[in-house]
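Each chain, letter by letter, is given below.
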Amino acid sequence: MGNKGQTTIFFSLIISVLLLFTLSALEVGRIYMSKVKIRAVVHSTCSSLMADYNSELFERYHLLFMDPTYGTGSEAALEEKAIDYLDCSLNGEKADGNGIYEFQISQLMLADKEGILYEDMALLKKQIADYEKSGGVLKNAEKLVDILKGKEVNVEGAAKETEQNGVQMPSDSEGKPVEEVEVTDPRDTLKNMLTPGILSITLPEGVDIPKEALVFENAPSKQYEEEQEEERDNSFQNIGTLIRFLKNTVTDDDAENNLKNRAAFVDYVSNHFSNGIRQREDSVHKCEIEYILKGKDSDYKNMQSVVNDIMWMRMPVNYAYLLSDEEKKSEALTVAAAICTATGTEGMIEVVKYLLLGCWAYGETICEMRTLLSGEKIPYIKTKETWTTDLKTLGGTAAVKSTGQGLSYENYLMLLLAKKKGDKLNSCYARMLDLIDVNIKKTDPDFSLVNCAGRLKIQGEISINSHFVKGKDSSLYSEFFEEEIGY
């Protein structure tokens, strides 16, 4: 009888141990499966939140960014949404706290947010580059590169000739008698032409560029310094100023390589934003690309500044052609002799000749701008047949006759965009965001681009209900998670 009691106790102990082992195994399995479910639900939650990108921003501008504030201005909105999604997915809608699997979200927070302005808009630049490459839409920039191939202009040679000969003071550089005629100084003619402003004499009739101030709320570009306007002298009274400008043009003239290096940005801007001669109906402002380039406070000022830039881009090209045309150089010499004879400065004839050639080249660009702003093209390099103006009268109100060949106004905008680099390029990206923000606000007043993020992390802790260990703070029953949301 004594042995039977010992046997009963022995088997009872073994059964107890086996039962404890079994229950422990079941609990470990329950904890493991709970953590697997947590990881799956967290991942699903992040995928769901990623789908909350701004649809208009994507459809119109092909950019994937989400607003974690959901228009409220507080990132708590995203945290609450994530908690609701996690709770519903983990516990179901009718959780009563007595089930086998019960989850409690102990904490949740956002971390490492990379907004659209983060690190000089790195995510924005990457998305634009990826879109341009994957979409195969680098058409405009590539076509422009093809047009510029082989179009070498000897501005460097023109600068050297001007520096070597323009500082000499012979009465006649070719040793021939100089014809003395009465003539109005073309530089005075040019000054009178420019009095009403460059847009007044180049815009086609009936085209109106608004002068009202541009208004941007919380403009992303406000963190960047305003770009300073280059000082340029269109009086053509100082040969040193002309020579310095030509030399600077030589060092900065690398249009083809600039286009290749910044093709994605250039093509993206030209395809998604309006300009002074081609407007989009869904844009708030008229001269968008001009604003991206210049950042001034009105469409009129931006257009005027861009037109000036294009003219000074064209002027050295036209000047180089004039120096290759002996007939036109002779004409300039004759007019220079007449001016210097009348003013008693015969020793300055050669200097004035080169200044007049610069003035003439600038006058030709005025006619070219009229053609460009009417939507036509102009040849990149001039020939005797395509030259328009006369030195004594300059451009008047004429426009260069379009041959349908060459570059358009929009092509020149692309060249100006391609020249931007460093902080100036970053400023252009930021001003582009100004426009995107105001355009989307047109249909969604609560939208704010500065709140948008392209990458962030969700961190938190979720606790599992305990059947054996008292207290919910045991690390055995807690799962810490960190998941990244990114486009």
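Everything quoted here is computed from the prediction, not taken from an experiment. (Residues numbered from 1 in each chain as written. Predicted model: local features only at pLDDT ≥ 70, side-chain atom pairs only at ≥ 80, totals over all residues. Heavy atoms only, no water.)

(A) Main features of the pattern of salt bridges. Tallied over the entire structure, the rule returns 31 salt bridges. The salt bridge partner of K329 is E326, with a shortest N-O separation of 3.8 Å. Note that K329 and E326 are positioned in helix α14 (residues 326-343) at a spacing of three residues, about one turn of the helix. A residue is classified by how much of its surface remains accessible, and K329, at 11% relative accessible area, is buried. For E350, the salt bridge is made with K353, and the minimal N-O distance between the two is 3.1 Å. With E350 and K353 both in helix α15 (residues 349-373) and three residues apart, this pair spans about one turn of that helix. By relative accessible area, which is 3% here, E350 ends up buried. Taking the relative accessible area as the measure of exposure, K353 reaches 4% and is therefore buried. One network of salt bridges, in which partners are shared, links E229, E230, R232, K294, K296 and D309. (Salt bridge = Lys/Arg side-chain N within 4 Å of Asp/Glu carboxyl O. Helix = DSSP H or I, 4+ residues; strand = E, 2+ residues; numbered from the N terminus. Buried < 20%, exposed > 50% of the residue type's maximum accessible area, 1.4 Å probe, protein only.)

(B) A nonpolar patch on the surface, seen in detail. A cluster of nonpolar side chains, namely F10, F11, I14, I15 and L18, defines an oily patch on the protein surface of about 500 Å² accessible area. For L18, the position within the fold is in helix α1 (residues 2-50). (Patch = residues over 30% accessible without salt bridge, like charges linked within 9 Å, V, L, I, M, F, W, Y side chains within 5 Å. Areas by Shrake-Rupley, 256 points an atom, 1.4 Å probe, with all protein chains shown as cover.)

Don't take any of this as a statement about function, it's just geometry.
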